[in-house]
Amino acid sequence: MCGIIGYAGPRPAAPILLESLQRLEYRGYDSAGIAVLEPNGGSTVVKNDHKVAELVRQVEAEGLPEGTVGIGHTRWATHGRPSVENAHPHQDCSGNIHLIHNGIIENYRELRAELIGRGHTFSSDTDTEVVPHLIEDQFRGDLAAAVRGALKRIRGAYALVVMSAEQPDRIVGARLNAPLVVGLGHGESFISSDITALIPYTKRVALLGEGEVVTATASRIDVQTLDGTFIEPRVVTVDWEAEQAQKGGYPHYLLKEIHEQPDAVRNALRDRITDAGMVALPDVGISDTDIANLRECVLVACGSAWYAAMVARQHIERLAGLRCSVEAASEFRYSDVLSDEHSLVIAFSQSGETADTLAAVRHARRNGARVIAVTNVVGSALSLEADGVLYMQAGPEISVAATKTFVNQMLCGILLALHLGDVRGVLAVEEHQRMVEELQRVPELIERVLGLEDDLGRIAQRYAHARTAMYIARGMNFPVALEGALKLKEISYVHAEGYAAGELKHGPIALLDPEVPVVAIATRSRTLPKLVTNVQEVRSRDAPVIALITEGEDPFDSGLVQETIPVPGCDELVSPLVDVVPLQLFAYHMAVQRGCDVDQPRNLAKSVTVE
Ligand code: G6P
């Protein structure tokens with residue numbers, strides 16, 4: 001949801017802004033722009049209603065600005081269609097103030113009418129443009145003070161960075177319910193929506209709290225609350241490497257991230273398994289007494305994380321014996337909360353910034369529930385708000401569609417289930433240790449599945465023309481069917497539905513014909529015989545079947561299914577981590593065959609920080 005970068009330092013700002021926007025593009029790619037304060041007192045603004053690569057060409061053609069203070073933005077449109085006028089940065093009437101914003105200004109209509117009434121002129125349809133005009137009204141020589149004054153008038157969510165030709169040594173940032181972090185370099189400062197954009201420049205990051213305003217010059221930062229009180233910034237060191245955020249020889253980030261999954265799983269297991277072969281989660285933030293007193297778990301998440309939470313629910317019920325519900329965060333946040341201090345809310349979110357997930361957590365908290373965050377981003381809003389955090393430790397994920405973080409979310413769900421089961425005394429030590437051994441095999445199992453890529457590429461070639469597809473599974477793998485269908489929809493624009501196999505006959509079977517491939521997850525499980533019957537039903541309607549089976553355990557009569565994908569055998573409880581991988585590769589190759597923009601699918605954004 002809109003990428004933001006600001007720079008104040010000794011180097012020319014434009015190359016840093018453009019390079020960062022390329023890293024941030026996964027947040028939104030409807031339009032992009034930069035503004036740089038020039039040494040002679042003026043400023044250069046370049047905007048484009050295409051992707052960042054086009055902006056780079058335009059800036060280079062027009063001549064790189066020389067200034068060393070600047071801001072840049074890549075947009076995911078909410079108010080106002082993608083166009084040059086609506087692209088950020090936006091200006092005030094004087095053209096001195098430049099501002100970039102991510103979020104939604106809910107009361108912008110009233111503010112806009114009021115400002116027009118006072119003689120301000122607007123040049124875009126965006127909600128954002130009211131902010132530089134409000135700042136213009138408040139400006140008395142101190143930009144940060146003017147920003148604080150303006151923000152007091154605003155309702156809604158914002159992460160913004162502002163600069164003014166009248167105080168050209170600084171950028172001022174502020175956030176409320178949208179992500180913004182400050183990078184602390186040597187003699188230079190950065191403000192960004194994402195840590196990923198900062199890692200080539202610095203690993204020291206100051207986290208901003210809700211409603212805080214930061215003033216950054218080349219040599220220092222000051223953080224204040226909206227009422228002007230100075231506060232000590234919380235500085236963390238990020239252990240991501242710059243190379244992790246590059247394609248590393250792969251044609252797409254998505255493919256690279258699929259191939260990183262064995263290492264992502266190894267990383268997430270590191271330091272979490274004791275010598276006795278048991279899971280230890282010291283940072284989980286909930287005492288053993290509180291865990292013993294729990295009556296239920298409520299899992300909330302959005303998108304792929306929601307499906308990972310559906311898998312986690314089954315693990316928690318089976319391994320920890322706790323009643324567990326799972327809800328899309330966007331639904332849960334407006335539901336009648338029945339949770340209380342005996343409820344544990346586990347929020348899954350790769351970014352830790354998804355607006356609905358944050359709102360769901362706050363909703364549950366009001367009734368006294370405890371919260372554990374499962375997130376990939378150190379210092380994300382979710383990590384700051386939760387009682388405890390379990391980091392996915394998957395490394396940066398750039399491609400919009402989640403892959404390695406989906407697997408690590410499911411893995412974290414299993415780790416939590418084992419921890420809860422252990423503390424509650426409902427899980428036998430031998431069973432716990434057996435599960436840990438199974439988990440430790442997962443990286444190698446995924447590596448073997450990655451070896452099937454050529455076969456999956458060929459299968460994708462055969463079905464690339466499909467207009468719709470169905471994914472079926474049961475039990476642990478039902479959410480994996482949902483995720484497989486979501487991957488296909490997201491990146492190859494083929495309509496797909498995930499269905500609990502037993503439900504197919506209650507409606508969707510009417511859609512089947514020889515043109516509708518059905519992907520069936522038919523790996524080892526306690527419900528496999530039932531699933532085989534469901535596949536028979538599909539074949540009786542002449543729909544072609546692509547079946548995931550366990551190596552050496554083909555459950556189908558010869559010739560029943562059109563394609564088989566043999567995956568290595570493992571315990572049903574860890575099978576979702578392995579079975580999702582061929583579905584990711586299938587969707588990837590479908591997208592490539594169909595000529596789609598794999599890493600930046602149309603209309604999507606990686607992190608959805610608006611409701
Ligand atoms: C967006 C992304 C999805 C992601 C979802 C939740 O829709 O495109 O890939 O699963 O947000 O994101 P989160 O950061 O909360 O896991």
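Residues numbered from 1 in each chain as written. Predicted model: local features only at pLDDT ≥ 70, side-chain atom pairs only at ≥ 80, totals over all residues. Heavy atoms only, no water.

Visitor: Please explain the overall build of the protein chain as it appears in this structure.
Guide: Scanning the protein chain for helices and strands turns up 19 helices and 25 strands. Rg of the C-alpha trace for the protein chain: 25 Å, near the compact-globule value of 25 Å for 611 residues, within the 12% margin. With the C-alpha coordinates of the protein chain rotated into their principal frame, the extents come out at 80 × 55 × 40 Å. In the protein chain, buried positions account for 62% of the 611 residues. In the structure as shown, the protein chain presents an accessible area of about 22100 Å², 47% of it carried by carbon and sulfur atoms. Of the charged side chains in the protein chain, 56 are positive and 81 negative, and the gap between their average positions amounts to 2 Å. (Helix = DSSP H or I, 4+ residues; strand = E, 2+ residues; numbered from the N terminus. Rg over C-alpha atoms; globule rule 2.2 N^0.38 Å. Buried < 20%, exposed > 50% of the residue type's maximum accessible area, 1.4 Å probe, protein only. Areas by Shrake-Rupley, 256 points an atom, 1.4 Å probe, with all protein chains shown as cover. Lys, Arg positive; Asp, Glu negative; His and termini not counted. Charge placed at Lys NZ, Arg CZ, Asp CG, Glu CD.)

Visitor: How do you make sense of the environment of Phe586 when you look at a structure like this?
Guide: You can see Phe586 is positioned in helix H19 (residues 575-593). Note on Phe586: relative accessible area 5%, which makes it buried. Residues Phe586 and Asp422, spaced 164 residues apart in sequence, show a C-alpha to C-alpha distance of 37 Å. Ignoring anything within four residues of it in the chain, the contact list for Phe586 reads Leu456, Ile459, Ala460, Tyr463, Tyr471, Leu488, Val519 and Ile546. (Contact = heavy atoms within 4.5 Å.)

Visitor: Could you clarify how one ought to interpret the side chain of Arg539 in this entry?
Guide: Within the secondary structure, Arg539 sits in helix H18 (residues 528-539). For the buried Arg539, which has no salt bridge, the nearest side chain bearing the opposite charge is Asp542, at an N-O separation of 5.1 Å. Beyond its immediate stretch of four places on either side in the chain, Arg539 contacts Pro544, Val545, Leu560 and Gln562. (Salt bridge = Lys/Arg side-chain N within 4 Å of Asp/Glu carboxyl O.)

Visitor: When you look at the site of the ligand in this model, what are you seeing that I'm missing?
Guide: Residues in contact with the ligand amount to 14 residues; listed here are only the nearest, Ser304, Ser349, Gln350, Ser351 and Thr354. At a separation of 3.0 Å, an oxygen atom of the ligand approaches a polar backbone atom of Ser304. In the complex, the protein chains occlude 90% of the 390 Å² of accessible area that the ligand would expose alone. Classifying every residue of the shell around the ligand by side-chain character gives 6 nonpolar, 7 polar and 1 charged. (Near = heavy atom within 4 Å. Polar contact = N/O pair within 3.5 Å; in protein donor to acceptor, adjacent residues only side chain to side chain. Nonpolar A, V, L, I, M, F, W, Y, C, P; charged D, E, K, R; others polar.)

Visitor: When you look at the environment of Tyr471 in this model, what are you seeing that I'm missing?
Guide: Mapped onto the elements, Tyr471 comes out in strand E21 (residues 468-473). Considered as a pair, Tyr471 and Val608 are 137 residues apart in the sequence and their alpha carbons are 26 Å apart. Setting aside residues no more than four positions away along its own chain, Tyr471 makes contact with Ala481, Gly484, Ala485, Leu488, Ala496, Glu497, Gly498, Tyr499, Val519, Leu583 and Phe586.

Visitor: Sorry, what's going on with the nonpolar core here?
Guide: Side chains of nonpolar character tend, in soluble globular proteins, to be buried together. Counting residues in each nonpolar core, the largest one holds 96 residues, and the members touching the most others are Ile316, Tyr471 and Phe586. With residues up to four places along the chain from it excluded, the contact list for Ile316 reads Cys297, Leu299, Gly321, Leu322, Cys324, Ile346, Ala417 and Leu420. Core analysis: the second largest hydrophobic core is formed by 36 residues, Leu21, Val52, Ile199 and Val236 among them. (Core = buried A, V, L, I, M, F, W, Y, C linked by side-chain atoms within 4.5 Å.)

Visitor: Just to check I follow, could you spell out the sheet that holds strand E19 (residues 370-375) for this structure?
Guide: The pairing of strands in a sheet comes from backbone hydrogen bonds and takes either a parallel or an antiparallel form. Reading across from one edge, E17-E16-E18-E19-E20 is the order of the 5 strands in this open sheet, with parallel pairing throughout. The two strands at the open ends of the sheet, each matched to only one other strand, are strand E17 (323-328) and strand E20 (388-391). Adjacent strand axes in the sheet meet at a mean angle of 20° when their direction is disregarded. Looking at chain direction, strand E16 (residues 296-301) and strand E18 (residues 343-349) are connected through 6 bridges and run parallel. Its bridge partner lying in E18, Ala301 is registered against Phe348. Against the sheet, helix H10 (residues 303-320) touches E16, E17 and E18, its axis set at about 175° to E17. (Pairing = 2+ DSSP bridges. Axes fitted to C-alpha atoms, helices over the stretch in contact; angles between N-to-C directions.)

Visitor: Which parts of the structure should I look at to understand the pairing of E16?
Guide: For a regular strand, the rule is simple: side chains alternate between the two faces of the sheet. Most of E16 sits out of view: 6 of its 6 residues are buried. Burial of E16 is two-sided: the residues Glu296, Val298 and Val300 facing one way and the residues Cys297, Leu299 and Ala301 facing the other way are all buried. By the bridge criterion, 6 bridges tie E16 to E17 in an arrangement that is parallel. Looking at the pairing, Cys297 lines up with Cys324 of E17. Regarding topology, H10 serves as the crossover connection from E16 to the parallel E17, and that connection is right-handed. (Right-handed = clockwise from strand over helix to strand, strands pointing away.)

Visitor: Is there a simple way to explain the packing of helix H14 (residues 404-423) against H19 in this structure?
Guide: Think of two packed helices as two axes; the pair is described by the angle between the axes and how far apart they sit. One way to put it is that H14 packs onto H19 with a least axis distance of 10 Å and a crossing angle of 170°. In terms of orientation, H14 and H19 fall into the roughly antiparallel class. Facing H14, whose interface residues are Phe406, Val407, Met410, Leu411 and Ile414, H19 presents Pro576, Leu577, Val580 and Gln584. Within the contact of H14 with H19, the residues separate by chemical class into 8 nonpolar, 1 polar and no charged. (Parallel < 35°, antiparallel > 145°, perpendicular 65-115°, else oblique.)

Visitor: Please explain the pairing of strand E3 (residues 43-48) as it appears in this structure.
Guide: Bridge count for strand E2 (residues 31-37) against E3 is 6 bridges, and the pairing is antiparallel. For Ala35, the partnering residue across the bridge sits in E3 and is Val45. Counting the residues in the hairpin turn of E2 and E3 gives 5 residues, including Gly41, whose phi is positive at 105°.

Visitor: Just to check I follow, could you spell out H18 for this structure?
Guide: Residues three or four positions apart in an α-helix share a direction because the helix packs 3.6 residues into each turn. Between its first and last C-alpha atoms H18 spans 16 Å; for 12 residues at 1.5 Å apiece the expected length is 16 Å, and the two agree. Turning to H18, its buried residues number three or more, namely Leu528, Leu531, Val532, Asn534, Val535, Glu537, Val538 and Arg539. (Expected span 1.5 Å × (residues − 1).)

Visitor: Looking at this model, I keep getting lost on empty space enclosed by the protein. Mind explaining?
Guide: Gaps left between atoms show up when a probe the size of a water molecule is rolled over them. Counted according to the given criterion, the structure contains 4 cavities of 30 Å³ or more. Reported here for the largest cavity is a volume of approximately 270 Å³. Lining the largest cavity are 25 residues, and of these Ser193, Asp194, Ser351, Glu353 and Val377 lie nearest its centre. Classifying every residue of the lining of the largest cavity by side-chain character gives 12 nonpolar, 7 polar and 6 charged. (1 Å grid on protein atoms, 1.4 Å probe; cavity = no way out; pocket = protein on both sides within 12 Å on 5 of 7 lines; lining within 4 Å. Points joined across faces, edges and corners; volume = space filled by probe spheres on them.)

Visitor: Please explain the pattern of salt bridges as it appears in this structure.
Guide: Opposite charge on two side chains permits them to pair, given that their charged atoms come into close proximity. For the structure on display, the rule yields 33 salt bridges. Note that Arg266 is salt-bridged to Asp263, the shortest N-O span being 2.7 Å. Highlighted residues: Arg266 and Asp263, both in helix H8 (residues 261-269), separated by 3 residues, approximately one helical turn. Here Arg266 falls in the partly exposed class, since its relative accessible area comes to 30%. Close ionic contact of Asp387 with Arg365 constitutes a salt bridge, the shortest N to O distance being 3.5 Å. Within this pair, whereas Asp387 is found in the loop between helix H13 (381-385) and E20, its partner Arg365 is found in helix H12 (residues 355-365), the two being separated by 22 residues in sequence. Members of the salt-bridge network, linked through shared partners, are Glu114, Arg118, Asp137 and Arg153.

Visitor: Looking at this model, I keep getting lost on the packing of helix H17 (residues 478-492) against H19. Mind explaining?
Guide: Running from N to C, H17 and H19 point in directions that differ by 20°, and their axes come no closer than 9 Å. One element, H17, and the other, H19, form an angle in the roughly parallel class. Helix-helix and strand crossings are classified by hand; for H17 and H19 the assignment is right-handed. Listed contacts from H19 to Val480, Glu483, Gly484, Lys487, Leu488, Ile491 and Ser492 of H17 are Pro576, Asp579, Val580, Leu583, Phe586, Ala587, Tyr588, Met590 and Ala591. Tallied by class, the residues present in the contact of H17 with H19 amount to 11 nonpolar, 2 polar and 3 charged. (Left-handed = near helix turned anticlockwise from the far one by under 90°.)

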